[in-house]
Amino acid sequence: MAITKFQDQETATVSDLPKVGDKLPDFTVVGSDLQEFSPADFSGKKLVLNIFPSLDTGVCAASVRRFNEEATKLDDAVVLGISADLPMAHGRFTDAEGIDNVKTGSVFRSSFGRDYGVQLDGSPLKGLLARTVIVTDANHTITHVELVDEITTEPNYDAALEALQN
C-alpha cells in the first residue's frame, strides 16, 4: 500500500503503485464513446497517465485542463485522464471544456485501481482513485511516478513533463 493524504488526514491505497523502471501494467478503461482502450492502442507513443478521483472536483478538472494545454506541445506522447467517473461524465466534461488533447477513460468496469494500487482504501474518497501521475517512454517503460502527497493539490506538472524529455 501507499500513503497519501486527504484534507491533511493520512489515507492508504489498496496496494503498491508501479515503480520507475517497470513495464507499464496492461489495463483496459472505457472512453466517453463507451469503447474500451488500453496502452496497446498507443503503441510507440510515450504516455502520461493523469489519474484522479473525479472530474467533479476543481483540482481534478484543473489537472485535465492543464494536461490538455501541455499536450498541444507533445508530438510523440499521449495524455490519458483516468478516473472512476462514468464515461458519460467524461464526455460531458471534455465537450463542455473543449478538451481535445487528452483521452479520458473510466475504470467503472475494470480492475485498474486495484491493479495499479491507486484505489483509495480509506477516507471519504474510499473506492475512488488517488491523484497520481505515471509517465512512460515510447516502449511503455515507466519513467516517472508521482502519488500526490495531498489529494486536494495538483500534481507536479513540470516533473511529469520533464520525464517525457528523457
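Residues numbered from 1 in each chain as written. Predicted model: local features only at pLDDT ≥ 70, side-chain atom pairs only at ≥ 80, totals over all residues. Heavy atoms only, no water.

- Under an unreviewed UniProt entry, the chain has the name Thiol peroxidase and belongs to Corynebacterium propinquum.
- According to the UniProt record, the Sequence similarities (unreviewed entry) comment for the chain is "Belongs to the peroxiredoxin family. Tpx subfamily."
- Under the UniProt heading Subunit (unreviewed entry), the note attached to the chain is "Homodimer." (UniProt positions renumbered as here; feature names shortened; annotations may be inferred.)

### Quick notes on the UniProt feature "active site" (unreviewed entry) in the chain
Inference 1: Sequence positions flagged by UniProt for "active site" (unreviewed entry) are, in local numbering, C60.
Inference 2: Of note, C60 is situated in helix 1 (residues 58-71).
Inference 3: With residues near it in sequence (within four places) discarded, C60 still touches F52, P53, S54, L55 and R131. (Helix = DSSP H or I, 4+ residues; strand = E, 2+ residues; numbered from the N terminus. Contact = heavy atoms within 4.5 Å.)

### Regarding unusual backbone geometry
Inference 1: Non-glycine residue L34 carries a positive phi angle of around 70 degrees.
Inference 2: Residue position: L34 is located in the loop between strand 3 (29-30) and strand 4 (36-37).
Inference 3: A residue is classified by how much of its surface remains accessible, and L34, at 43% relative accessible area, is partly exposed.
Inference 4: Unlike most non-glycine residues, H140 shows phi in positive territory, near 65 degrees.
Inference 5: Note that H140 resides in the loop between strand 8 (132-136) and strand 9 (142-147).
Inference 6: By relative accessible area, which is 10% here, H140 ends up buried. (Buried < 20%, exposed > 50% of the residue type's maximum accessible area, 1.4 Å probe, protein only.)

### Comments concerning the environment of G117
Inference 1: Mapped onto the elements, G117 comes out in the loop between helix 3 (112-115) and strand 8.
Inference 2: Contacts of G117, omitting those with residues within four sequence positions, involve T13, V14, S15, D16 and L17.

### Notes on the environment of T141
Inference 1: With respect to the secondary-structure elements, T141 resides in the loop between strand 8 and strand 9.
Inference 2: When the C-alpha positions of T141 and V20 are compared, they lie 7.7 Å apart, and in sequence the two are 121 residues distant.
Inference 3: Ignoring sequence-local partners within four residues, the contact set of T141 consists of G21, D22, K23, V135 and T136.

### Considerations on the environment of F6
Inference 1: Turning to its location among the elements, F6 is positioned in strand 1 (residues 3-6).
Inference 2: Considering only alpha carbons, one finds F6 and L128, 122 residues apart in sequence, at a separation of 12 Å.
Inference 3: Apart from the residues lying within four places of it in its own chain, the contact partners of F6 are T11, S123, P124, L125, E150, I151 and T152.

### A short note on the pattern of salt bridges
Inference 1: Applying the stated criterion across every chain, the model contains five salt bridges.
Inference 2: Here D76 and K46 are joined by a salt bridge, their closest N and O atoms 3.5 Å apart. Taken as a pair, D76 in the loop between helix 1 and strand 6 (77-83) and K46 in strand 5 (residues 46-51) lie far apart in primary sequence, 30 residues in all.
Inference 3: The class of K46 is buried, set by a relative accessible area of 15%.
Inference 4: A salt bridge links R65 to E97; the shortest N-O distance between them is 2.8 Å. Here the residue R65 occupies a position in helix 1, and E97 occupies one in helix 2 (residues 87-97), the gap between them amounting to 32 residues.
Inference 5: Look at R65 and you get partly exposed, because its relative accessible area is 36%.
Inference 6: The class of E97 is partly exposed, set by a relative accessible area of 35%.
Inference 7: Look at the salt bridges and you will find they share partners, linking R66, E70 and K73 into a network. (Salt bridge = Lys/Arg side-chain N within 4 Å of Asp/Glu carboxyl O.)

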